[in-house]
Every structure is written in structure tokens, then in C-alpha cells.
Amino acid sequence: MAWFRVPAPGRSSLRTRLTAAGLRDATGDADLPADEPGVVVLSRAQDVVDPACLARRPGRVVVALAPGVDADPWSLLACGASDVVRLHGDDLRPVLDRLTRWQDVDVLVRAETARTGVVGVSQAWQLFVRDLVEVAHWSSAPVLLVGETGVGKEVAAHVVHRVDTRRRQHELVLLDCTTVVPTLAGSEFFGHEKGAFTGATTAHEGAFARADGGTLFLDEVGELPPVLQAALLRVVQEGTYQTVGGTRRRRTDFRLVAATNRDLRADGFRADLYHRLAAMTLRVPPLRERRDDVLPLFRHFLAEQGARVVGGPARRPAGGGPGRPRDDGPELSPEVADALFRHDWPGNVRELRQLAVRVAARHVGEGPVTPGDLPPEDRPRPAVPASPASVVPGDVPGPQWEHGLEGAVRDALRAGVGLKELKARTADLATRVALDVGGGTLAAARLLGVSRRALDYRTAAQDRPQPTDPSSDASS
């Protein structure tokens, strides 16, 4: 139930009307429900808003200014208010309309969370999901999802499709723009007719046709070449397209959702297409801004592994509230929980999921996940002083990763590994880890600070069979 506060004494008629509208009087309450919307009515010039009411929180607050009350709305918004409205006479509709909308949004968020198991209890995630659901349900405009690699932009696209009642009965078409081959791009997007080119033995429906009536999700849209950007702009503007080898234009009607981890405005992306895509722009928060979600997400991913993790079927039914996992998964020892919580997660949720998969393969039985369940490469460096034998005079303390690297290099040198082999193995290891954390060659290349072509060349070289050393054969 939405609440209201009227700081000024008296004002019984205003309180009565707000109560009659279904709001709960919370004027004298010390604490406010964290997840319920409410209104603070300033009815006198000297009234002030309690900052605790406006602190950024899941439950949204509207500040209503009675006639004659002047306050800077921008300052109130900066302090955490969701909206500021001016009342005219006894008309409370501007306030009640907003509270009704926010309550409807919360109902949809709870329903979506319960139906799909979207996990996230942190304030940053709850605020994002609420904005996402509101945009999806009450707007038909294109949505641009921006955020780092691995934050869950595809999950957000699925939410947009399911919450949009105009589209969810039709198909959600996903197209990864990093995998589109330039020579076949026309066919991928527009489709082709039989005989349109060599090898086109049958007609093919492109993404525009398959998404008709539904939603088209373009992942990493910033990777589209300029010629395709121009073609996409025309389809978005006109709602028509022509298949490769076709002679007539066809109509299509879909909701466009695009995602990127780049700043499209600074990367040479077409400005006219950008403004079409960015009608509704939402930033997906990285995992380091969702610290409260790390442990629930990790246990959720462990629970996904089923019998391989806990030695049997799921142990608990649906969890305890919006954003909480349906099955909590195994408990975590305090040491493991602390290590997960302190990690920076540069690969975000994707990195966390991959770690859960690796831990699931090592964890045994019904007990908690213990430090030994974390693979060696995923363990934090122990907080113990170095032994005297390992300290070199003049050493200067460096970042934690440097200490770990130094220890590995010392071990390799003692084993007789030379500089050339050290360089090669370090580069191979960095490549493998970046691919694991990034989840694909494009993200891995960005993590390594190299071009995608350079990374493809390196991985191809790693996969290429090495020539046999004749001397080793002769000595065997």
C-alpha cells in the first residue's frame, strides 16, 4: 500500500482525502517501507522534506507542492525524489496517477521475477528492473541497453519482450552483430529468394521477417558495418524491406531492442540511427555496483547445476521474495562468501556464472562450498607474509596480481623454464582467461587491449598443430 506524509500540523481535510484514496498515513512513522511508493505533501512555505524519505531507494517518492509553496524541483530530484508535482486546489489526481502507475509497475516486476527467476535484490538492480519494465509495458519505442560486457543485457531484452503485451505472443529474434559475416549480412537481415546467389537453393527468411509482430534484439549493435547501419535505418523508419533477389518491398512490424558495450556516439556510429535506437536508453548496472547480488546469484548458478552440485534434486522450493532465487543452492562458507564479495568481477555476471560452473564440478555432497572448491586460479592471494627466502632486497610492494605473478615466475624459473617459454605461456594463459571471462572474442580482445583480428590470429596459432622436433624423435 502506498503511504503519505504531511509534515504540517493540522491539515485534517488533506489527510482525510489521501486516506480515502487508499493511502496509509505514515506521517508519524519513524521508518518507511523500503519498497513501497509514497508521497510527501508540502503544504506550507516553511515545510521541509526529511532526507530519509528521498534517499535513493526501491520505493519511489513523489513530492507534492501545495499552492503557494515554492521549492526547487531539480534539487529535490537530485536528493532522490522520483517526481515533483504542483497541486491545484483540491485536485490530487497528479499524485494518485503516479502512485497507481508505480504500484502497477511493482506488480509487473514481482510477476516477472516469480515467472522467470530473474535474480537480484540489490537497490541498483531493483531500480533498473523497474525502469525496464515500465519502458517495456507502457511504451512501444526502441530500447537501447548499454553496459559492460557480461552484465545481462540479453536477459534484459527477454524481459522487454515478455512484458510487452503487444509483442510477447510472437517471436523474439536474437542476432549477434559480432557474428554476422559481411558477405552474408544481407541474407541474415533481409532474407533471400531461391537462386538469388550461388548456393541459394532455397528461399530464406531473414531476421526482419521472423521478428514481424514480435521483437528483434540486436546484440553488440555497434559492430554493424556502415552499409548495414544505413539499411537498418531505412527499415526502422519505413517498416519495409526487400529480400536479396526480391523484386518487391515487404512490410514488417517489430519492436527493436539493441545492446552495446561501447559509446556509440564516440565510435563513428551513424548519428541518425543512434537517435532512432536510443529512444529509450537504459544502463544495465555492472556487478560491482550490485554487491548484494553476488552471493544470491552465485548460489543460484550453483543450483542450476542440479544434481552435479548438491548430490540430488533441488532442496528448497521457490525463494523468499522478488529477486531471490527459486532454489538457494548450497550454502557458502564465510571464507568463500568473503572472497566472492570482495572480487571486482570485471567479467560481471558472465564471469560469476563461469566460476559457479567450475566450482560445481569440484563441490561434493550437501555441505557448504568450502575454500578448496574454488579452483586454484580463482582463489584470492593468501594474506600471509612472504618467507624470508622469497624476499629479494629492494623489492617494492605492488598490486595483488603482481605478487601472484611474481610467485608463478619464481616457480617457473626454478623449474628451468626460460624467458621465451615464459612469454609464450603467459600470453596463451592470458588469452584463455580473457576468452573465459569475456565470453567471446570481441570482449576478450577488449580485455587484452588488442584487435579482434590479432586475437583470432593468436587463437588460430594455438590450435595449429606444432611441428615435431626431429631431435626429440631421434633421442626417444
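Since this is a predicted model, take the numbers as computed values, not measurements. (Residues numbered from 1 in each chain as written. Predicted model: local features only at pLDDT ≥ 70, side-chain atom pairs only at ≥ 80, totals over all residues. Heavy atoms only, no water.)

Caption draft 1: Just the pairing of strand S6 (residues 143–146), in detail. With four bridges connecting them, S6 and strand S11 (residues 255–260) associate as parallel partners. In the strand pairing of S11, Leu145 is matched with Ala259. As paired strands, S6 and strand S12 (residues 280–283) are joined by four bridges and run parallel to one another. Across the sheet, the residue bridging to Leu145 is Leu282, located in S12. (Pairing = 2+ DSSP bridges. Helix = DSSP H or I, 4+ residues; strand = E, 2+ residues; numbered from the N terminus.)

Caption draft 2: Structural detail: the environment of Phe341. Along the chain, Phe341 turns up in helix H13 (residues 334–342). Considering only alpha carbons, one finds Phe341 and Val294, 47 residues apart in sequence, at a separation of 6.4 Å.

Caption draft 3: Molecular detail of the sheet that holds S11. With respect to topology, five strands assemble into an open sheet ordered S7-S8-S11-S6-S12, the strand pairing being parallel. The sheet is open, and its two borders are formed by strand S7 (172–176) and S12, each paired with just one other strand. Strand-to-strand twist across the sheet, computed as the mean angle between neighbouring axes with direction ignored, equals 15 degrees. Contacts between helix H5 (residues 123–138) and the sheet are confined to S6, S11 and S12, with S12 contributing the most and set at about 160 degrees to the helix. (Axes fitted to C-alpha atoms, helices over the stretch in contact; angles between N-to-C directions. Contact = heavy atoms within 4.5 Å.)

Caption draft 4: Spotlight on the environment of Leu352. Locating Leu352 in the fold gives a position in helix H14 (residues 348–362). Since its relative accessible area comes to 0%, Leu352 is described here as buried. The sequence separation of Leu352 and Val294 amounts to 58 residues, and the corresponding C-alpha distance is 7.9 Å. Leave out the neighbours within four places in its chain, and Leu352 touches Leu287, Val294, Leu297, Phe298, Phe301 and Trp345. (Buried < 20%, exposed > 50% of the residue type's maximum accessible area, 1.4 Å probe, protein only.)

Caption draft 5: Structural view of the pattern of salt bridges. For the structure on display, the rule yields 26 salt bridges. Between Asp164 and Arg255 there is a salt bridge, with the nearest N and O atoms lying 2.9 Å from each other. Linking Asp164 in the loop between helix H6 (153–163) and S7 with Arg255 in strand S11, this pair joins segments that are 91 residues apart in sequence. One exposure class covers both Asp164 and Arg255, and it is buried. As a salt-bridge pair, Asp338 and Arg342 come within 2.9 Å of each other at their nearest N and O atoms. With a gap of four residues between them, Asp338 and Arg342 both fall in helix H13, about one helical turn apart. In this structure Asp338 comes out as partly exposed when scored by relative accessible area, which is 36%. Overall, Arg342 belongs to the exposed group, its relative accessible area being 62%. (Salt bridge = Lys/Arg side-chain N within 4 Å of Asp/Glu carboxyl O.)

Caption draft 6: Molecular detail of a nonpolar patch on the surface. On the surface, a nonpolar cluster with roughly 240 Å² of combined accessible area is contributed by Val181, Leu184 and Phe197. Mapped onto the secondary structure, Val181 falls in the loop between S7 and helix H7 (185–190). By relative accessible area, Val181 is classed as partly exposed at 41%. (Patch = residues over 30% accessible without salt bridge, like charges linked within 9 Å, V, L, I, M, F, W, Y side chains within 5 Å. Areas by Shrake-Rupley, 256 points an atom, 1.4 Å probe, with all protein chains shown as cover.)

Caption draft 7: Representation of the sheet that holds strand S3 (residues 38–42) within the structure. The strand order across the open sheet built from five strands is S2-S1-S3-S4-S5, with neighbouring strands paired in parallel fashion. Bordering the open sheet on either side are strand S2 (24–25) and strand S5 (83–86), each of which pairs with just one other strand. As paired elements, strand S1 (residues 3–5) and S2 share two bridges and run parallel to each other. Each bridged residue has a counterpart across the sheet, and for Phe4 the counterpart in S2 is Asp25. In the packing of helix H1 (residues 12–20) onto the sheet, the strands contacted are S1, S2 and S3, and the crossing angle to S1 comes to about 170 degrees. Sitting on the sheet, helix H4 (residues 93–116) touches S3, strand S4 (61–65) and S5, and the angle it makes with S4 is about 175 degrees.

Caption draft 8: Fine view of the packing of aromatic side chains. Scanning all chains against the criterion turns up five aromatic pairs. Between the aromatic rings of Phe189 and Phe208, the centroid separation amounts to 5.7 Å while the plane-to-plane angle is 50 degrees, which identifies the pairing as tilted. Separated by 19 residues along the polypeptide, Phe189 in helix H7 and Phe208 in helix H8 (residues 207–210) bring together distant segments of the chain. We classify Phe189 as buried; its relative accessible area is 2%. With a centroid separation of 5.1 Å and 80 degrees between ring planes, the pair formed by Phe190 and Phe208 is classed as edge-to-face. With Phe190 in helix H7 and Phe208 in helix H8, the pair connects residues that are 18 residues apart, well separated along the chain. The pair formed by Phe190 and Phe208 is uniform in burial state, with each residue classed as buried. (Phe/Tyr/Trp six-rings, centres within 6.5 Å; stacked < 30°, edge-to-face > 60°.)

Caption draft 9: Up close: the nonpolar core. If you look at the biggest cluster of nonpolar residues, it comprises 29 residues, and the most contacted ones within it are Phe189, Phe208, Leu216, Leu218 and Val221. Those elements that provide at least two residues to this core are S7, H7, H8, strand S8 (215–219), helix H9 (226–238), S11 and helix H10 (271–277). At four residues, the largest contribution of residues to this core is made by H9. (Core = buried A, V, L, I, M, F, W, Y, C linked by side-chain atoms within 4.5 Å.)

Caption draft 10: Broad picture of the packing of H4 against H5. One way to put it is that H4 packs onto H5 with a least axis distance of 9 Å and a crossing angle of 100 degrees. When the axis of H4 is compared with that of H5, the two are roughly perpendicular. Residues Arg101, Asp104, Val105, Asp106, Leu108 and Val109 of H4 form the contact with H5, whose own contacting residues are Val129, Arg130, Val133, Glu134, His137 and Trp138. In terms of residue class, the contact of H4 with H5 is built from six nonpolar, one polar and five charged. (Parallel < 35°, antiparallel > 145°, perpendicular 65-115°, else oblique. Nonpolar A, V, L, I, M, F, W, Y, C, P; charged D, E, K, R; others polar.)

Caption draft 11: Quick peek at H9. Here H9 contains 13 residues, and its C-alpha end-to-end distance of 19 Å stays within 8% of the 18 Å for a straight helix at 1.5 Å per residue. Among the residues of H9, Leu228, Gln229, Leu232, Leu233 and Val235 are the ones counted as buried. Across the axial projection of H9, the buried residues extend over an arc of 165 degrees, all falling on one side. Every exposed residue of H9 that faces more than 90 degrees away from the buried side is listed here: Pro226 and Val227. Among the structural elements, H7, H8, S8, strand S9 (240–241) and H10 are those in contact with the buried residues of H9. (Expected span 1.5 Å × (residues − 1). Arc of directions from axis to C-beta.)

Caption draft 12: Seen up close, the confidence of the model for the protein chain. Across the protein chain, the average pLDDT comes to 82, with 84% of residues at 70 or higher. In the model, residues 393–398 has pLDDT below 50 throughout and makes four contacts with residues more than four positions away in sequence or in other chains. A low-confidence stretch, residues 466–476 stays under pLDDT 50, and its non-local contacts, those more than four residues away or across chains, total two contacts. (pLDDT = per-residue confidence, 0-100.)

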